[in-house]
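Descriptive analysis of the structure
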Amino acid sequence: MDNTVETRAERQLVTVRIPAGWTLLGLVAGLVCGLLVARSGASEGVLAIAAPVGTLWLRALQVTIVPLVAALLVLGIAQISQAAMAGAVARRMLGWVFAVLLFSGVTSVTFIPFLLDMFPPPSAAAGVLSAGGAAQDVPGLAAFVESLIAPNIIAAAAETAMLPLTLFFAAFALALVRLPAAQRDLLLAVFRALANTMLLIIGAVLWVAPIGVFALAVGVGAASGGAAFATLAHYILIVVAAGTVVLIAGYMLAWLVGGIAPHRFFRALVPAQAVALSTQSSLASLPAMLDAARRLKLREETAEFVLPLAVAIFRATSPAMNLAVAIYVAHLAGVELTPAALAAGVAVAVIIAIGSVSLPGTISFVVSVGPIALAMGVPIGPLALLVAVEMMPDLMRTIGNVTLDTALAAAVDRKVEAESGAALQP
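Residues numbered from 1 in each chain as written. Predicted model: local features only at pLDDT ≥ 70, side-chain atom pairs only at ≥ 80, totals over all residues. Heavy atoms only, no water.

1. Considerations on the overall build of the protein
Helix and strand content of the protein: 18 helices and 0 strands. Burial analysis of the protein (426 residues in total) assigns 54% to the buried set. (Helix = DSSP H or I, 4+ residues; strand = E, 2+ residues; numbered from the N terminus. Buried < 20%, exposed > 50% of the residue type's maximum accessible area, 1.4 Å probe, protein only.)

Right under this line is the structure:
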């Protein structure tokens, strides 16, 4: 995830800068303040002021989710559909993109519950959920299948039924690209304007995040005390573990499909990974990735096509790490995640990963994890606190994405080379 949204022309999304460091400071200060007022016995008066402020900020954050997700999904899927028309190499690349995203999601829903059972959160961790938000009911299997298509899309939006909304706007985008050019461009311009408008609103809301997070954290600190710090540290480790699995999968993809030994892939990619860690930006790492492709002796035409497109549309770690967040919150809230809920989470996570690319890490966290949690019946109130520490898991997100982008180029190049060799056979 990038810390800024890049702009080149009117077709790009607006630039939004988020005070991530101040938000983290607001979280720490709020937790400490809540701990102190609880010990002093004055928590009732302080919470009477802090609670409404935190609730208003949380609602302002939530109100932007549905329109922003709708706009970004349409733009992202339309971009992928148009890329698929570029030829066989593009279609092969997109096939690997969807395969990796699906692997990322499925791995998380199988690995993270096991990891939480092996290494459970601190005993008083449930106090972190005092930020608010009730769990939603998740239907049984038959009702789940019926819920995939909403009879009234407006009602679905009002109820924040994210799975049918996500599927509807994905289908809408696929239909949109089949329209005549003038109509297609007009609708894309409307959705781009909607996305930019929502980004400006959510940017303003997140600009005052230090205040909102501080107000919410006061209540959490008063309720859970020092356990909140241990819980956040545990949460970061769990989410980073999900990203680590995807990172390792990148080396396996480069080895088993791209034919590049892990030690050679590692040596070539170290400079790009260093840039990723220092900038937290896949886009800023692109020149280093192209250099790594040359070190790996990938075809120049393959690397120069696959890597920029991968940076634009591919976030391999998103399904795994976003689902890990939702599963962690569900674990603390005592929400039972049924197979239907997990399937809904994977479906939304994979589709949302396409629409939330090239966004600041904080905005992408809200836009991506919010719909996944809603689809799984998980309370989204705690996300307002977890967004304050996103800058730490974001390091793993970026290095994982850079690694998978390069591994993807290696896999596509190996296939192109094999086909070229076969074509030369008499």
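2. A look at the confidence of the model for the protein
Averaged over all residues, the pLDDT of the protein equals 82, while 84% of them reach at least 70. Note that residues 1–10 has pLDDT below 50 and, in this model, 43 contacts with residues that lie over four places away or in other chains. A low-confidence stretch, residues 421–426 (pLDDT under 50), is modelled with 0 contacts involving residues beyond four sequence positions or located in other chains. (pLDDT = per-residue confidence, 0-100. Contact = heavy atoms within 4.5 Å.)

3. Details of the nonpolar core
If you look at the biggest cluster of nonpolar residues, it comprises 137 residues, and the most contacted ones within it are Leu27, Trp57, Leu68, Met93, Tyr235 and Phe314. Per element, the largest residue contribution to this core is 14 residues, and it comes from helix H3 (residues 65–84). Among residues more than four places away in sequence, those in contact with Tyr235 are Val325, Tyr328, Phe365, Leu386 and Val389. (Core = buried A, V, L, I, M, F, W, Y, C linked by side-chain atoms within 4.5 Å.)

4. So, the packing of aromatic side chains
Within the structure shown, the criterion is met by 6 aromatic pairs. With centroids separated by 5.1 Å and ring planes inclined at 80°, the aromatic side chains of Phe168 and Phe169 adopt a geometry described as edge-to-face. On the basis of relative accessibility, which here comes to 36%, the residue Phe168 falls in the partly exposed class. With a relative accessible area of 15%, Phe169 lands in the buried category. Clustering of aromatic rings is evident, with ring pairs tying together Phe168, Phe169, Phe172 and Phe191. (Phe/Tyr/Trp six-rings, centres within 6.5 Å; stacked < 30°, edge-to-face > 60°.)

5. Overview of the pattern of salt bridges
Counted under the stated rule, the structure contains 6 salt bridges. Between Asp413 and Arg299 there is a salt bridge, and its shortest N-O distance comes to 3.9 Å. One end of the pair, Asp413, is in helix H18 (residues 393–424); the other, Arg299, is in the loop between helix H12 (286–295) and helix H13 (300–313), with 114 residues separating them in the sequence. By relative accessible area, which is 4% here, Asp413 ends up buried. Between Arg397 and Glu390 there is a salt bridge, with its nearest N and O atoms 2.7 Å apart. Grouping residues by exposure puts Arg397 and Glu390 together as buried. Residues joined in a network through salt bridges with shared partners are Asp291, Arg294 and Arg295. (Salt bridge = Lys/Arg side-chain N within 4 Å of Asp/Glu carboxyl O.)

6. So, H3
In this model H3 runs 28 Å from its N-terminal to its C-terminal C-alpha over 20 residues, within 8% of the 28 Å that 1.5 Å per residue would give. The buried fraction of H3 is high, at 16 of 20 residues. (Expected span 1.5 Å × (residues − 1).)

7. Points about a nonpolar patch on the surface
Together, Ile49, Val53, Trp207, Val208 and Ile211 make up a nonpolar patch on the protein surface, roughly 510 Å² of accessible area in all. By the element assignment, Ile49 lies in helix H2 (residues 43–62). (Patch = residues over 30% accessible without salt bridge, like charges linked within 9 Å, V, L, I, M, F, W, Y side chains within 5 Å. Areas by Shrake-Rupley, 256 points an atom, 1.4 Å probe, with all protein chains shown as cover.)

8. A short note on helix H14 (residues 318–333)
Taking 1.5 Å of rise per residue, the 16 residues of H14 would be expected to cover 22 Å, and the 22 Å separating its terminal C-alpha atoms lies within 8% of that figure. H14 sits mainly inside the fold: 14 of its 16 residues count as buried. Count one or two residues on from H14 and you reach Gly334, which has phi positive near 75°.

9. Concerning unusual backbone geometry
Even without being a glycine, Lys297 presents a positive backbone phi close to 60°. Structurally, the position occupied by Lys297 is in the loop between H12 and H13.

10. Considering the packing of helix H7 (residues 162–176) against helix H8 (residues 181–207)
Running from N to C, H7 and H8 point in directions that differ by 145°, and their axes come no closer than 10 Å. Facing H7, whose interface residues are Phe169, Phe172 and Leu176, H8 presents Arg184, Leu187, Leu188 and Phe191. Here the contact of H7 with H8 is built from residues that sort into 6 nonpolar, no polar and 1 charged. (Axes fitted to C-alpha atoms, helices over the stretch in contact; angles between N-to-C directions. Nonpolar A, V, L, I, M, F, W, Y, C, P; charged D, E, K, R; others polar.)

11. Concerning the packing of H3 against H7
Two elements in contact, H3 and H7, have axes whose closest approach is 8 Å; the angle formed by their N-to-C orientations is 40°. Considering the angle they form, H3 stands oblique to H7. The hand of the H3/H7 crossing is right-handed. Within the contact between the two elements, H3 uses Val66, Val69, Ala70, Leu73, Val74, Ile77, Ala78 and Ser81 and H7 uses Met162, Leu165, Thr166, Phe169, Ala170, Phe172, Ala173, Leu174 and Leu176. (Parallel < 35°, antiparallel > 145°, perpendicular 65-115°, else oblique. Left-handed = near helix turned anticlockwise from the far one by under 90°.)

12. Re the environment of Ala230
Relative to the elements of secondary structure, Ala230 occurs in helix H10 (residues 227–256). Along the sequence, Ala230 and Pro122 sit 108 residues apart, while their C-alpha atoms lie 6.8 Å from each other.

13. Some thoughts on the environment of Met376
Assignment of secondary structure puts Met376 in helix H16 (residues 361–376). Judged by its relative accessible area of 0%, Met376 is buried. Residues Met376 and Val346 lie 30 residues apart in sequence; the distance between their C-alpha atoms is 9.3 Å.

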